[in-house]
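Coordinate inspection notes
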Amino acid sequence: MFKGVRPIVYGGQEVWPLVEGGKGVAATNHASAGAWAAAGGIGTVSAVNADSYDADGQIIPQIYRALTRRDRHEELVNYAIEGAVQQVRRAFEIAGGKGAININVLWEMGGAQRVLHGVLERTRGMVAGVTCGAGMPYKLSEIAASYEVNYLPIISSARAFRALWKRAYSKAQQWLAAVVYEDPWLAGGHNGLSNAENPLEPQDPYPRVKALRETMREGGIADSVPIVMAGGVWYLRDWNEWIDNPELGQIAFQFGTRPLLTQESPIPQGWKDKLTQIEPGEVLLHRFSPTGFYSSAVRNPFLRALEARSERQIPYSTECAGDHQFQLDVGVKGKNFWVTKGDLMRARAWFGAGFTDALKTPDHTLVFVTPEEKAEIRKDQSDCMGCLSQCAFSSWMDSESNSTGRLADPRSFCIQKTLQEIAHGGDADRNLMFAGHGAYKFKQDPFYSNGFVPTVKQLVDRILTGD
């Protein structure tokens, strides 16, 4: 029998221990976050290049007019602050004093600290807390505390939290409202798989969360400070043994994928329709993201094309040496690319199939693409606006030189472009579609039968029943 969950105190009032995941660029906005809070939970506004509106309430396109990456980066930061401020204000109004409103940022997004300061300064009294992951956000606690706002770090291991706690968070313990454990094998979007963990061998989250609680106790953190289980959460009844479990302390639950399919969800109808068609195993844990992190997304034609591109890849030498005894005679100009005989045959076959242009990667390999793909890659790289603190695809880095010092990687993609496109009506097959690995349940869950799309309130009520 499902135990049920009880309200917790957060932001000075009782709320359900249900957190809306703050999903990337424009996939979680004021409408969904405000409705989630109005239903008594913790709504989350994505503060990652959020939309802002004109006087008529229409979304303002984020067009970059500056000629240099550095100046376009300044445009991006301004867009991000203004958009997030507008989203928070609208969400706060919709919530009507119920629940709580958090904002979510990615530590590795371009200008993350500036954006946080800019948003929190202009939304005083509206934001209950800041969730933050995608990196090691050491300064999160300091920034949040300076505005008397809670912080909720997103981590994927006890080891990561211990490092954050010892270096910074122990100095601002009173503002630590919760720790979000994001399962790196099940959560959608970017995740925190370490180099020591096998992406193909998922680990049971229970012992990992138990170890996190033990680490928190070592730091003197009370069991009443929740651990938020994120990733793979669909039915609360599946987590019955976690609720009121003295080994784990207070547990809350984050829902990232399920809120995508609600009436208030801002994602386009085409994206919502695709969610109802996903089969088990169709969400791929991959490493094509320009962040360098693993991430999970629907294995649609966009992702399959990236897989195929990397498969059309051969190592080379700039001189005849070792196994590289054959000059490459397709896809490149000049005579300084030496490959194996087998790779020469493969390259010729790719060339014959229309993949006539070879692009160098930072790993001394060549990938073969069509002229159209090459043109798109080069244009996207030249249009870079510094949306990440460092980007493998464009070699941008938020530093004095604005360069990672590495060759731009054509095996990746412009993440800002594709996330903006899919969120604003672009083809769901031709853009990156983030989703958790449980997204196939939309097709199986009777709650969504006959094309039913719930309001956020109906979804929260349903979740509270255990289903």
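The structure under discussion appears in the preceding block.
Residues numbered from 1 in each chain as written. Predicted model: local features only at pLDDT ≥ 70, side-chain atom pairs only at ≥ 80, totals over all residues. Heavy atoms only, no water.

As a further point, take the overall build of the protein chain. Helix and strand counts for the protein chain stand at 13 helices and 18 strands. Relative to the 2.2 N^0.38 estimate, which gives 23 Å for 467 residues, the radius of gyration of the protein chain is 23 Å and therefore close to what a compact globule would have. Taken along the three principal axes of its C-alpha coordinates, the protein chain extends 70 × 50 × 50 Å. The buried share of the protein chain, taken over its 467 residues, is 57%. Look at the contacts in the protein chain between residues 6 or more apart in sequence, and 65% of them connect residues 24 or more apart. (Helix = DSSP H or I, 4+ residues; strand = E, 2+ residues; numbered from the N terminus. Rg over C-alpha atoms; globule rule 2.2 N^0.38 Å. Buried < 20%, exposed > 50% of the residue type's maximum accessible area, 1.4 Å probe, protein only. Contact = heavy atoms within 4.5 Å.)

The next point concerns the packing of helix H1 (residues 30–38) against helix H13 (residues 456–464). Across the interface, H1 lies against H13 with an axial gap of 9 Å and an inter-helix angle of 45°. Taken as axis vectors, H1 and H13 run oblique relative to one another. The way H1 lies across H13 gives a crossing that is right-handed. When H1 is examined against H13, the residues Ser32, Ala35 and Trp36 are found in contact with a partner set consisting of Val456, Leu459, Val460 and Ile463. (Axes fitted to C-alpha atoms, helices over the stretch in contact; angles between N-to-C directions. Parallel < 35°, antiparallel > 145°, perpendicular 65-115°, else oblique. Left-handed = near helix turned anticlockwise from the far one by under 90°.)

Before going further, it helps to spend a moment on the pattern of salt bridges. One pass over the structure, following the stated rule, counts 27 salt bridges. In this structure, Glu218 and Arg162 form a salt bridge, with 3.4 Å as the shortest nitrogen-oxygen distance. Of the two residues, Glu218 sits in helix H6 (residues 205–218) while Arg162 sits in helix H5 (residues 158–167), which places them 56 residues apart along the sequence. Residue Arg162 is classed as partly exposed on the basis of its relative accessible area of 29%. A salt bridge links Asp380 to Lys417, with the shortest nitrogen-to-oxygen separation between them at 3.1 Å. Placement of the pair is Asp380 in helix H10 (residues 371–382) and Lys417 in helix H11 (residues 415–423), with a sequence separation of 37 residues. Salt bridges here are not isolated pairs; linked through shared partners, they connect Arg70, Glu74, Arg114 and Asp398. (Salt bridge = Lys/Arg side-chain N within 4 Å of Asp/Glu carboxyl O.)

A regular strand carries its side chains on alternate faces of the sheet. The element strand S4 (residues 42–46) is extensively covered by neighbouring structure, given that five of its five residues are classed as buried. Both faces of S4 are covered, namely the face carrying Ile42, Thr44 and Ser46 and the face carrying Gly43 and Val45. Summarising the sheet, S4 and strand S5 (residues 100–106) pair through five bridges and their orientation is parallel. Residue Val45 lies in a different strand from S5, and its bridge partner there is Ile103. (Pairing = 2+ DSSP bridges.)

Let us look at the pairing of strand S13 (residues 295–298). Two strands pair when backbone bridges link them, and strand S9 (residues 189–190) and S13 are joined in this way by two bridges, in the antiparallel orientation. Note that in S13 the partner of His190 across the bridge is Ser295. In terms of strand pairing, strand S12 (residues 283–286) meets S13 through four bridges, oriented antiparallel. Considered in S13, the bridge of Leu285 is made with Ser296.

Taken in spatial order, the three strands make up an open sheet running S9-S13-S12, and their pairing is antiparallel. Bordering the open sheet on either side are S9 and S12, each of which pairs with just one other strand.

Turning our attention to the packing of aromatic side chains. Under the criterion given, the structure shown has 15 aromatic pairs. Among the aromatic residues, ring-to-ring pairing joins Trp234, Phe442, Phe447, Tyr448 and Phe452 into one connected group. Directly above the aromatic system of Tyr53 lies the positively charged group of Arg90, at a separation of 4.0 Å from the ring centroid. The ring centre of Tyr235 lies 4.0 Å from the NZ or CZ of Arg237, which sits over that ring. (Phe/Tyr/Trp six-rings, centres within 6.5 Å; stacked < 30°, edge-to-face > 60°. Lys NZ or Arg CZ within 6 Å of the ring centre and 35° of its normal.)

Direction vectors running N to C along H5 and H6 enclose 20°, while the axes themselves pass 9 Å from each other. As the angle between them shows, H5 and H6 are arranged roughly parallel. Seen from above, H5 lies across H6 with right-handed handedness. Here Ala158, Phe161 and Arg162 of H5 lie close against H6, whose contacting residues are Ala211, Leu212, Thr215, Met216 and Glu218. When its residues are assigned to classes, the contact of H5 with H6 shows five nonpolar, one polar and two charged. (Nonpolar A, V, L, I, M, F, W, Y, C, P; charged D, E, K, R; others polar.)

Glycine aside, negative phi is the norm for most residues, and most peptide bonds take the trans geometry. Notably, Ala26 is not glycine yet its phi reads approximately 65°, a positive angle. Within the secondary structure, Ala26 is located in the loop between strand S3 (18–20) and H1. You will see that Asn402, though not glycine, has its phi angle at about 60°, which is positive. Residue Asn402 is classed as buried on the basis of its relative accessible area of 18%.

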